[in-house]
Amino acid sequence: MSEELRTSSIETRGVAGKKRYAMVIDTRRCIGCMACQVACKAEYDTPLGVNRTWVPYKVVGTYPVVKKQFLPRLCNHCDDPPCVRACPVEATYKSDDGGFVLQRYERCIGCRACMASCPYNARFMLPASRTYTKITNVVDKCTFCFHRVAQGLVPACVQTCIGRARVFGDLNDPASEVSYLVARNATQVLRPEQGTKPHVFYIGADRNHTEFGRDIYRRPDVLEGDRAAFQRTRA
Amino acid sequence: MGDYVVFHDVAWHGVYALYFFLIGISAALYFFSALSFYREEFKPLRATSFYGAFALLAVAGLILVGDLSQPLRFVNTLNPGYWNMSSPLVWGTILIVLYGLVSVWYFLKLGDEKAAKLPAVIGAVIALGLPIYTGFDLAVHQARPVWNTPLMPVLFVALSLVSGAAVASFLAKGEARLLGALRQIMLWTTGATAVMVLSLLITTAYGGSSDELTYMFMTSGTIGGIFVGLGILGGTAVPLVLLLLPFGKERAGLLLSSVLILVGGLSLRYSILMGPQIVQTFFS
Amino acid sequence: MLDKLKMTRRTFIKVAGGTTAAAAAAPRLLSAMEQDLGGKDFSPVDLKERQAIPVNCHVCNIQDGAIAYVENGRVVKLEGNPEHVSTRGRLCAKGNAGMWYSYDPDRILYPLKRVGARGEGKWKRITWDEALNEVAGKIKEVLDKGEPNEIMLKYGRNRSGGAIDRFMRTLGSNTIVNHTSVCESSKKIGMEPTWGPDIETPDFANTKYVLNFGSNILEAAYFHNPLSQRIAEGRVDNNMKIVTFDVRLSNTAGFSDEWIPVFPGTDGAVALAMGHVILREDLQDSEFIENWTNVSVKELKEHYKQYTPEWAEKLSGVPAAAIERIAREFAQTKPATLFTYRGPCKHLYGSYNEKACMMLPIMTGNVEKRGGYCLPRGMGWPQPQPEPAKPGKDSYLSHPPDYPLAAHKVSHLTPFFLADGKQKIKIYFTYQDNPVYTNPGSVAVWGKVMRDEKLLPYFVSMSSHMGEETALADIILPDCPYLERWEPESMPNSLWPWLGIRQPVHAYLGESRENRIILRDIIHKVDPDGSRGMKKFWNFKDGEDYMRQHFDNIPGLKEAGGMNWLKKHGVWPVYGKLDPKSGKVTDKTGREIKADYGLYKKELSDADMAGAVVDKNGTITKNGKAIGVKRGGRNYVGFPTGNRLINVRVEHWAEYGFNPMPTFKQVPWHKDIKDDDLILTTFKLNVHKQSRTAAVKWLAEIAHSNPAWMNPQTAKKIGVKTGDLIRVESKVGHMVTKAYVTEGIHPKVIAIATAFGHWEYGRLATLKLKEKPQWGGQDDPDLNNVWWDDKGVHPNAIIPVVADPIGGSQGWYDTVVKVTKAGPNDKYGDVQGDWQKHYEAYKETIRYAYTGDLHRKMHPEMASWAGPESLKGKAPGGGH
């Protein structure tokens, strides 16, 4: 890999002895089954209305030449995460080994600065009500399943991925499957212009998903009534 | 469906704009109170505008803390061990705490012309830091159009002074010289605001897709009505013209301008806070 | 400066990071090894390992192997069982959310007795003893009268492994009715007489070309998860091409290399035309046809001459050029396979359509090849002994005489049969069924009949949820959802056969009991002293004991440990290890395990051949039964049909005046469809099943409403856009719903998803969340976060019954509707169906039965058939 300019001291790229976990999402294999989204909800008892990972879809083309495009989304675990810069109390931090961008729930004050800084909508505020988990009213996000990865398991979304579209591993290890996929395929990251250096790489991502703001030009495939109902419950 | 779509909420809701508004006015009032040590005409304002500043600090502080989803953890922001100095919020916390402490000091010395001057000056400098930090608070978010511009801190200083002067014109009890000075401040800062907002609008309109879309949201619909209608026309352009007219030199005209300026100040802060967040919620 | 600050901060983080619980408990991250795929799970909060219990998923009927992870006595996570050869550690969205069947706050947790009028919603809590005594009393009354067939049981999803049938046989009743006719029965009937089994197993992972007729395999259908895994593999790792024919851009169509929109019900014509091209251009596998089917290439060529691509284009709208191109691609790419599901078969002559489709892999010789069109692989289990005998007296409802070929019954006509007095019913049992919601006519038909206490004097529901049907019951016996049950399981959902077990992850919640226990207790009340000779068939301590009687003597499994093996692994056999690098099951050498192909070419042993005779056609017969086929000097086992061949010509169809050869019959009322008429089609989304998932919050959040899909051309014509209200009117009723304008649908089709618009099924499904749980359930605080306010509209009340005269299947996709912009008096959610008009539709559809007057008209080619009278005295009940 060519040496890019290292702009931040917390980057993990190529640091000897350190892991740099990444996910490769091969959209050619994604069947849009939503198993990842639900597995994630179960793993974390994530409340309704918020998601650590989600799978938007787009119907593209004109009858009869039409295609469905899915783009699984989650925290990009940026090598240079804006949310970490934004948090006043270091409740959000990047783990030294592995590059996980994590949240200290007991410290988060709920100022939402991290949410405001995230280019990917990956962060959300936990509501007051949850089924059985006591952590509420703080900002939460995808953790790349740190607790599972630390035990030698893949993240829950990767575990259940029917199409095996999600692949997880260490990019600092040239022999890993993610390194192979990133090296051997044309990959994209979301909003590269933000300089966040995402750790989620896409194969075959569709521009109808990746172009920022495209949904506004092209009316999203959703009943506006649903969006309005959602907005009514926020405030 | 229509099928399955995940919706996203904005990070910061409207109440944060109210905080910007009140803390900005508080800062300016403190500044005017301190100005009275150098400019004779501001003397009648010294106590009243300081009390106003103090009261607004209390209200704004409560709003700020109350807007946290974990209000009691506000104390975390006071723990230097937790401080992340690259977050403007930390600087804001330090400034607010210092501002509060200096305000108490100033309050205790208020009767003493000599002893009060030092806390007045120190407080005024800190007070000016408040709109600057709020501006940076928005400016540092790289992915948000409009916010992530160098104008934000300057614009918030101008908005602070103009809104503060408008409130001060009510606190002034008709002293002609004071009103004249306040009119001058309002005139210049409203003018500066107008220039900055115009510049913001133009650069946004000519920006890339996220800027362009934000321009669209900020000039149409509800946010457009608030930003362009109340903020730019009703709250900036109209008072600017009013203040330039002979009527604007009369107390009634000045007070009318002040009302418009206050409406405009809140509207601009609200729309600048909310407008640039909308595009992001559509990035599924 | 900033950099310096960052460095300081970094040092600080290192220290702080070490103090968090997560970092303290975590071992050092593994070095070069890649992560494991599963089999373990940990709490993200306290990092304790969650207890893993292997189960068999049963949210839908794909029957994936699963693991339930239990934390503080509660299932918090479900995951695929990595030892399961089909599922390979993965579950779909529904499977991942299965625990909400158990923890639904509106689950019924104690027996209930109706106190108001039927369906009024007034219930009294009663004890199990009261409930069982009452039910047993009613049963005894009927038995003592000597009419056990007056006890009826209709089940929907029955995975009891034989317990339900045992119950009815014990009572001596033949009136046991399933739900298959609203599912895919005409597919089964299209296939069974032809090659034996009722389904195919396409080898997607190894194929190069897939023709998919109307299956939405990537969202629903058999076998969503296991087959979808292989489709993704085939697509990317094996560069296969997939072509989907569907009226709508399902996720499968959207994923496919080509989506070919087709006019509803004409898939068969397209398939026949492809066959025509293949045979015309001599691209068929002549050797396979001559050796393994009951027709010759010459006969086939002659027969297919009539089905030209131009003919099919006129019917289906698929350009003749496309038909020719795809036919050539399919025939010339090896291996190739084909898959169908409800698209072709859920029409008036769905059985013909299915048959026409399956002819393509047959004539190209892709059957039972690697990458081809394979037979299903399943396993069975013995029943506990002694077993009750099959009752002698037949029941009209389980074998309607007008549909003798419909081996999977015609359950959706039941209410009309009842209303016509074809059979008297005294007690109606329901188990995992909800026809009031799921069947054609819905509440307008089933609701009417089930409210009628003259037609159904006593109605017992064995259900865990207050479904639309259970809400009309007289007494509710609270059943357990799948995570609390013992059940044996096997499904041919990959190329490797397996046996699985469903075992309870914790005790029954509340006072609920699993079904086999309820049935046992009823029998024990009916026959407390064994004098009726019933009790002896229900001799088991508990569910586990019953399972031991199934599993402890299966050869191979017995040696492996029998039940104990299954309790520990959930599945048997375990073929290999799930390799995290490939996601595939590998053998000891690390290579992917290989499937067994060519099942029909297994050779008969000498012992098999002892005493067998071979006739001039090569058919090997022993004791009057064909056991194989001799080809090229070898004795093969052949296909599991009567003559061990693939029956392209199905002789016994001809006996009833049906065309025995591959054919196509257009739905007659589609012929002259008016310009502004549309065909209504229904479908399932990937996160829901037919009726039981609306109360599963994670799934409901993803999809909770079902606006009607329509093409922009159609929408423009009637002047609506997405979100506008439309009125959909069929010959039996109308509904008002929202429009969803999408490029992904045929312009002559309007598509409305099912699983939505419930009027029962608890507070989440009906969005009545202000109320409290009523039947003992524990509230879920997360339901405070429900943000949607649209529950959708259910279309079934406006869909009339249509019965395939061969397969007996409901013609779900045959309804002609008129769609207009909603008027001023139309309210969102209005659904109105008229019983009288539904009844007329029933009368109309039985005219197509072999006994009906339209049968001959539809089959001019069968002019020489002697008519229904010629079959007097012949036993009905399917022909194989």
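The structure displayed is predicted, hence computed values, not measured ones.

(A) Layout of the overall build of chain B. When helices and strands are tallied, chain B shows 9 helices and 0 strands. Listing every helix and strand of chain B by position from the N terminus yields α-α-α-α-α-α-α-α-α. By its C-alpha atoms, chain B is 70 × 55 × 30 Å across when sized along the principal axes. Expressed as a percentage of its 284 residues, the buried residues of chain B come to 56%. Within chain B, contacts between residues separated by at least 24 positions form 74% of all contacts whose residues are at least 6 apart in sequence.

(B) A look at the overall build of chain A. Looking only at helices and strands, one finds 9 helices and 12 strands in chain A. What you see for chain A is a C-alpha radius of gyration of 18 Å, in line with the 18 Å of a compact globule of 235 residues. With the principal axes as the frame, chain A shows a C-alpha extent of 50 × 45 × 30 Å. The buried share of chain A, taken over its 235 residues, is 62%. The long-range share in chain A, meaning contacts at least 24 apart out of those at least 6 apart in sequence, stands at 61%.

(C) Main features of the interface of chain A and chain C. Residue-level contacts link 73 residues of chain A with 76 residues of chain C. With 8 residues, helix α1 (residues 35-44) of chain A is the single largest residue contributor to the side of chain A that touches chain C. For the side of chain A that touches chain C, the per-class residue count stands at 31 nonpolar, 21 polar and 21 charged.

(D) Summary view of the environment of His13(B). Structurally, His13(B) can be placed in the segment before α1 (15-35). Classification of His13(B) by C-beta neighbours within 10 Å gives partly exposed; the count is 15.

(E) Summary view of the sheet that holds strand β2 (residues 65-71) of chain C. Residues and elements named next belong to chain C. In spatial order, the strands read β1-β2-β3; together these 3 strands make up an open sheet with antiparallel pairing. In this open sheet, the two edge strands, each paired with only one partner strand, are β1 (51-56) and β3 (74-80). Looking at each pair of strands side by side, their axes are set apart by 30° on average, direction ignored. Sheet topology note: the β1/β2 ladder contains 6 bridges and is antiparallel. Opposite Asn56, over in β2, you have Gly65 as the bridge partner.

(F) Geometry of the sheet that holds strand β17 (residues 487-489) of chain C. Residues and elements named next belong to chain C. The antiparallel open sheet is built from 3 strands, whose spatial order is β17-β18-β19. Edge positions in the sheet fall to β17 and β19 (571-572), since each has one partner strand and no second. When strand β18 (residues 499-502) meets β19, the two strands line up antiparallel, connected through 2 bridges. What sits directly across from Gly500, in β19, is Val571.

(G) Inspection of the pairing of strand β15 (residues 458-462) of chain C at higher detail. All names here are of chain C. Where burial is concerned, most of β15 is hidden: 5 out of the 5 residues are buried. Here β15 shows no split at all, with Tyr458, Val460 and Met462 on one side and Phe459 and Ser461 on the other all buried. With 5 bridges connecting them, strand β14 (residues 427-431) and β15 associate as parallel partners. Within the sheet, the bridge partner assigned to Phe429 lies in β15 and is Val460.

(H) A look at helix α8 (residues 224-237) of chain C. Residue and element names in this part refer to chain C. Taking 1.5 Å per residue as the helical rise, α8 with its 14 residues ought to reach 20 Å, and the 19 Å between its terminal C-alpha atoms agrees with that figure. Most of α8 is tucked away, with 12 of its 14 residues classed as buried. Residues His224, Asn225, Pro226, Leu227, Ser228, Gln229, Arg230, Ile231, Ala232, Glu233, Gly234 and Arg235 constitute the buried set of α8. On its buried face, α8 is in contact with α3 (93-96) and β10 (241-246). Of the residues flanking the end of α8, it is Asn239, one or two places downstream, whose phi is positive at about 50°.

(I) Fine view of the nonpolar core. Membership of the largest hydrophobic core comes to 419 residues, with the highest contact counts inside it found for Ala35(A), Val270(C), Met274(C), Val460(C), Ala708(C) and Ile750(C). Considering every element that reaches this core, the biggest residue donor is α1(B), with 16 residues. Excluding its chain neighbours within four sequence positions, the residues that come into contact with Ala708(C) are Ile726(C), Val728(C), Thr737(C), Ala739(C), Tyr740(C), Ile750(C), Ala751(C) and Ile752(C).

(J) Up close: unusual backbone geometry. Here the amide bond leading from Tyr63(A) into Pro64(A) is cis, since omega sits at 0°, within 30 degrees of zero. Residue Pro386(C) follows Gln385(C) across a cis peptide bond; omega there is -5°. Among the secondary structure elements, Pro386(C) is positioned in the loop between β13 (373-374) and α17 (414-419). Residues other than glycine seldom take positive phi values, yet Glu90(A) does so here, at roughly 55°. Tracing the backbone shows Glu90(A) in the loop between α2 (82-86) and β6 (92-94). Although it is not a glycine, Tyr761(C) adopts a positive phi angle of roughly 85°. A tally of 23 C-beta atoms within 10 Å means that Tyr761(C) is categorised as buried.

(K) Representation of the packing of helix α10 (residues 267-280) of chain C against helix α12 (residues 297-304) of chain C within the structure. Residue and element names in this part refer to chain C. Close contact between α10 and α12 brings their axes to 9 Å; oriented N to C, the two are set at 125°. Judged by the inter-axis angle, α10 sits oblique to α12. By crossing handedness, the relation of α10 to α12 is classed as left-handed. In this structure, α10 uses Leu272, Gly275, His276 and Leu279 to contact α12, whose residues at the interface are Leu300, Lys301 and Tyr304. Split by residue class, the contact of α10 with α12 holds 4 nonpolar, 2 polar and 1 charged.

(L) The arrangement of the packing of helix α7 (residues 209-218) of chain B against helix α9 (residues 251-281) of chain B in detail. All names here are of chain B. Running from N to C, α7 and α9 point in directions that differ by 125°, and their axes come no closer than 8 Å. The angle between α7 and α9 places the two elements in the oblique class. The crossing of α7 and α9 is right-handed. Together, Ser210, Leu213, Thr214, Phe217 and Met218 of α7 and Ser271, Gly275, Pro276, Ile278 and Val279 of α9 make up the contact between the two elements. The class makeup of the residues in the contact of α7 with α9 is 6 nonpolar, 4 polar and no charged.

(M) Representation of the environment of Leu118(B) within the structure. Residues and elements named next belong to chain B. As for its placement among the helices and strands, Leu118 is situated in helix α4 (residues 113-139). Take Leu118: there are 14 C-beta atoms within 10 Å of it, and that puts it in the partly exposed class. Taking the C-alpha atoms as reference points, Leu118 and Gly248, separated by 130 residues in sequence, lie 35 Å from one another.

Parameters and conventions
- Residues numbered from 1 in each chain as written.
- Chains lettered and ligands numbered in written order.
- Predicted model: local features only at pLDDT ≥ 70, side-chain atom pairs only at ≥ 80, totals over all residues.
- Helix = DSSP H or I, 4+ residues; strand = E, 2+ residues; numbered from the N terminus.
- Buried ≥ 20, exposed ≤ 12 C-beta atoms within 10 Å, placed from the backbone.
- Contact = placed C-beta atoms within 7 Å.
- Rg over C-alpha atoms; globule rule 2.2 N^0.38 Å.
- Nonpolar A, V, L, I, M, F, W, Y, C, P; charged D, E, K, R; others polar.
- Pairing = 2+ DSSP bridges.
- Axes fitted to C-alpha atoms, helices over the stretch in contact; angles between N-to-C directions.
- Expected span 1.5 Å × (residues − 1).
- Core = buried A, V, L, I, M, F, W, Y, C linked by C-beta atoms within 7 Å.
- Parallel < 35°, antiparallel > 145°, perpendicular 65-115°, else oblique.
- Left-handed = near helix turned anticlockwise from the far one by under 90°.

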